[in-house]
Amino acid sequence: MTSKTVAQLLKADFKSEDVDIKGWVRTFRANRFIALNDGSSLQNIQCVVDFQNTDEKTLKRITTGAAVHIKGQLTESQGKGQSVEIQVEKIVILGDSDPETFPIQPKKHSFEFLRENAHLRTRTNTFSAVMRLRSTLSFAIHKYFNDNGFYYMHTPIITGSDAEGAGEMFRVSALDPKNPPLTEDGEVDYKQDFFGKETNLTVSGQLEAEAYAMSLGKVYTFGPTFRAENSNTSRHLAEFWMIEPEVAFMDLAGNMDLAEDFLKSVLKYVLEHNREDLEFLEQRLLDEEKTKPQADRSELNLIDKLKFVIENNFKRVSYTEAIDILKDSKPNKKKQFKYTIEEWGTDLQSEHERFLVEKHFKCPVILFDYPANIKAFYMRLNEDGKTVRAMDILFPGIGEMVGGSQREERLDVLKEKMKALDIDEEELWWYLELRKYGTAVHSGFGLGFERLVMFVTGMGNIRDVIPFPRTPHNADF
Ligand code: 4AD
Ligand code: MG
């Protein structure tokens, strides 16, 4: 007696065999045909019930959503639509599902509705396909780094530092919020808190990854990161997963090469391993886009878009060149941007980034050498004294996918920068010591995992590519 998954049964060259399978009923038609899904595949397997020899009570309990255990024979299918089916010899209802109240009916549901039922939404084709792809992608990421000599390191979730200096942190405290100890000045006295100081959930594992790169050479982190930015957009989460490689003796050009090679490699991996899910999501996207005006539809289908990224070089453009392009652009001259680009030095908004990738270059773009004062404190200052060796990778339909840089490895320059930004040297003493003992050129980047999953699956809202999204006013499940 075999215990194979639906995917295995459908894939194997047909031979009649005994099967023993468990799964959930997607539909039950004509008191006879169960479409059974066990999560292993987008496909259901058809199970044919001998209704004349099955008691009425059991037949009534075969409802959409019910968990069942089926034993029977795999046979070639008589009907259209499937090559094999299971002739049911024995069916046991493991868990009933009341068809009157089960939220996931065999019909189209809105994504908003499914978000409210995030615990059940992977019972649908779309969400099971997205989550299988998410799983494959994370495997492909680990595989890429492992194949290329990187060590996987785990950076702390609780930290005392604000790596990005953006101040968007969630506080971690064990003090009684109603009655915290106070200092003489009337401020909350965090010296008496659990860690004896102020702590927060990490916004990035980079600073700690740098310490490990400066001994193990090539490392990466892949873990949850937290940002309390109150931006309720389709591209921001309060809790998201970030991949952060960090490499000693690598400069910014090497960093760009690494990021491009890495992205192409993981895209190739999913194309080779999740074809069925991708084809399904491509069709879903086509159906969705039919409702949009022509101008808003993508020029390429989902799979062609992935192939395009794999086969073409990313365009590398300096911030300064990008500003010139934007200044001269039609939407800028016609004041169609919400924020008009007037001078060098302004930060780019997502409308500008999207213009560059979607309208101007029509391919992934790596922007580099940004003005120092719009980027984080740790980036390597260029010889011009006003730009830093930063890079952002922008993707069509997504905007910023990757943010990275060469790091400031000179102790004196770093100290000066921290002083100017009022960053406490004592807090980052260990980070400064990395520059004091055996400092060297090093670089790395951060990839927002959910933004990659969005790109691969064609899903338009970041809430739909992570199992249980955390966003402002939402931490259900
Ligand atoms: O550009 P960011 O802020 O870079 C860093 O945190 C660096 N310390 C990374 C490094 O050099 N090691 O964030 C990196 C990426 C962004 O490009 C974006 O893809 C993603 O993280 N990201 C978010 N994704 C979802 N929700 C949010 N709120 C995000 N904020 C950033
Ligand atoms: Mg960034």
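Quick caveat: nothing in here was measured; it's all calculated off a predicted structure. (Residues numbered from 1 in each chain as written. Chains lettered and ligands numbered in written order. Predicted model: local features only at pLDDT ≥ 70, side-chain atom pairs only at ≥ 80, totals over all residues. Heavy atoms only, no water.)

### A closer look at the site of ligand 1
The environment of ligand 1 is made up of 24 residues, and the closest members are Glu164, Gln206, Arg227, Glu244 and Glu400. A distance of 2.9 Å separates a nitrogen atom of ligand 1 from a polar atom in the backbone of leucine 237. In the environment of ligand 1, a nitrogen atom lies 2.7 Å from a nitrogen or oxygen atom belonging to the side chain of glutamate 244. Relative to its free-state accessible area of 630 Å², ligand 1 is covered by the protein chains to the extent of 93%. According to the grid-proximity analysis, the pocket containing ligand 1 is the largest pocket. Contributing elements (two or more residues each) for the shell around ligand 1: β11 (239-248), β15 (399-406) and β16 (442-448). (Near = heavy atom within 4 Å. Polar contact = N/O pair within 3.5 Å; in protein donor to acceptor, adjacent residues only side chain to side chain. Areas by Shrake-Rupley, 256 points an atom, 1.4 Å probe, with all protein chains shown as cover. 1 Å grid on protein atoms, 1.4 Å probe; cavity = no way out; pocket = protein on both sides within 12 Å on 5 of 7 lines; lining within 4 Å. Sits in = over half its atoms within 2 Å of the grid points. Helix = DSSP H or I, 4+ residues; strand = E, 2+ residues; numbered from the N terminus.)

### Observations concerning the pairing of β15
Within β15, six of the eight residues are buried, leaving the element largely enclosed by the surrounding structure. Pairing of strand β14 (residues 387-395) with β15 involves six bridges; the strand directions are antiparallel. Within the sheet, the bridge partner assigned to isoleucine 393 lies in β15 and is valine 402. In this structure, β15 lies alongside β16, joined through five bridges in antiparallel fashion. Considered in β16, the bridge of serine 405 is made with glycine 444. (Buried < 20%, exposed > 50% of the residue type's maximum accessible area, 1.4 Å probe, protein only. Pairing = 2+ DSSP bridges.)

### Side note on helix α11 (residues 350-361)
Taking 1.5 Å as the rise per residue, α11 with 12 residues should run 16 Å; its terminal C-alpha atoms sit 15 Å apart, in good agreement. Among the residues making up α11, those that are buried are His352, Glu353, Phe355, Leu356, Val357 and Phe361. Of the surrounding secondary structure, the elements contacted by the buried residues of α11 are β12 (315-318), α9 (319-327), α10 (330-333), β13 (365-371), β14 and β15. At the C-terminal side of α11, lysine 362 shows a positive phi close to 55 degrees. (Expected span 1.5 Å × (residues − 1). Contact = heavy atoms within 4.5 Å.)

### Observations concerning the sheet that holds strand β9 (residues 199-201)
With antiparallel pairing, three strands are arranged side by side in an open sheet as β7-β9-β8. The open sheet is flanked by β7 (158-159) and β8 (171-172), the only strands paired with a single partner. Bridging between β8 and β9 involves two bridges; their strand directions are antiparallel. Looking across to β9, one finds that valine 172 is bridged to threonine 199.

### Let's talk about the sheet that holds strand β3 (residues 45-48)
In spatial order, the strands read β1-β2-β3-β5-β4; together these five strands close into a barrel with mixed pairing. For this sheet, the mean inter-axis angle between neighbouring strands, taken without regard to orientation, is 55 degrees. (Axes fitted to C-alpha atoms, helices over the stretch in contact; angles between N-to-C directions.)

### Some thoughts on helix α12 (residues 411-420)
Taken as a whole, α12 has its buried residues at Leu414, Lys417 and Met418. The buried residues of α12 occupy one face: seen down the axis, they fall within an arc of 100 degrees. In α12, those exposed residues whose orientation departs by more than 90 degrees from the buried face are Asp412, Glu416, Lys419 and Ala420. (Arc of directions from axis to C-beta.)

### Topic: the packing of aromatic side chains
Considering all chains together, one arrives at 21 aromatic pairs under this definition. With 4.3 Å between their ring centres and 25 degrees between their planes, phenylalanine 145 and tyrosine 220 make a pair best called stacked. Taken together, the positions of phenylalanine 145 in helix α4 (residues 125-147) and tyrosine 220 in strand β10 (residues 218-226) put the pair 75 residues apart, joining distant regions of the chain. By the burial criterion, phenylalanine 145 is buried, and tyrosine 220 matches it. Aromatic side chains phenylalanine 145 and phenylalanine 262 sit 4.9 Å apart centroid to centroid with 25 degrees between the ring planes, which places their arrangement in the stacked category. Remark: phenylalanine 262 occurs in helix α6 (residues 252-273) and phenylalanine 145 occurs in helix α4; sequence separation between them is 117 residues. (Phe/Tyr/Trp six-rings, centres within 6.5 Å; stacked < 30°, edge-to-face > 60°.)

### Quick look at the nonpolar core
Side chains that are nonpolar tend, in soluble globular proteins, to be buried together. Judged by nonpolar contacts, the single largest core of 64 residues is most densely connected at Phe262 and Leu452. Per-element tally for this core: the top contributor is α6, with 11 residues. In contact with leucine 452, other than residues within four places in its own chain, are Leu137, Ile141, Leu263, Val266, Leu267, Met401 and Leu447. Leu348, Ala376, Met379 and Leu432 belong to the second-largest nonpolar core, a separate cluster that totals 33 residues. (Core = buried A, V, L, I, M, F, W, Y, C linked by side-chain atoms within 4.5 Å.)

### Side note on the environment of leucine 114
Note on placement: leucine 114 falls in helix α3 (residues 111-116). Distance from leucine 114 to proline 103, taken between C-alpha atoms, is 8.8 Å for residues 11 residues apart in sequence.

### Some thoughts on the pattern of salt bridges
Per the counting criterion, the structure on display carries 27 salt bridges. Across the pair glutamate 260 and arginine 316 runs a salt bridge, and its minimum N-O distance is 3.1 Å. Remark: arginine 316 occurs in strand β12 and glutamate 260 occurs in helix α6; sequence separation between them is 56 residues. Note on arginine 316: relative accessible area 32%, which makes it partly exposed. Notably, a salt bridge pairs glutamate 299 with lysine 362, separated by 3.3 Å at the nearest N-O pair. Here glutamate 299 is found in the loop between α7 (275-289) and α8 (302-311), whereas its partner lysine 362 is found in the loop between α11 and β13, with 63 residues between them in sequence. Among the residues examined, glutamate 299 registers a relative accessible area of 69% and is labelled exposed. (Salt bridge = Lys/Arg side-chain N within 4 Å of Asp/Glu carboxyl O.)

### Digging into the layout of surface pockets
Roughly 1,200 Å³ of internal volume is contained in the largest pocket. Arg227, His236, Asp392, Glu400 and Arg451 are the residues nearest the centre of the largest pocket, which is lined by 43 residues in total. Estimated volume of the second largest pocket: approximately 920 Å³. Together, 29 residues line the second largest pocket, and Ser298, Arg354, Glu358, Pro396 and Gly397 are the ones closest to its centre. Listing elements by their share of the lining of the second largest pocket, those giving two or more residues are α7, α8, α11 and α14 (449-457). Sort the elements by how many residues they give to the lining of the second largest pocket and α11 lands first, with four residues. Tallied by class, the residues present in the lining of the second largest pocket amount to 13 nonpolar, four polar and 12 charged. (Points joined across faces, edges and corners; volume = space filled by probe spheres on them. Nonpolar A, V, L, I, M, F, W, Y, C, P; charged D, E, K, R; others polar.)

### Brief notes about the pairing of β11
With eight of its 10 residues buried, β11 lies for the most part within the structure. In this sheet, β11 lies alongside β10 in antiparallel orientation, the contact comprising nine bridges. From the neighbouring strand, threonine 225 faces β11, where its bridge partner is phenylalanine 240.

All we've got here are geometric facts, nothing functional implied.
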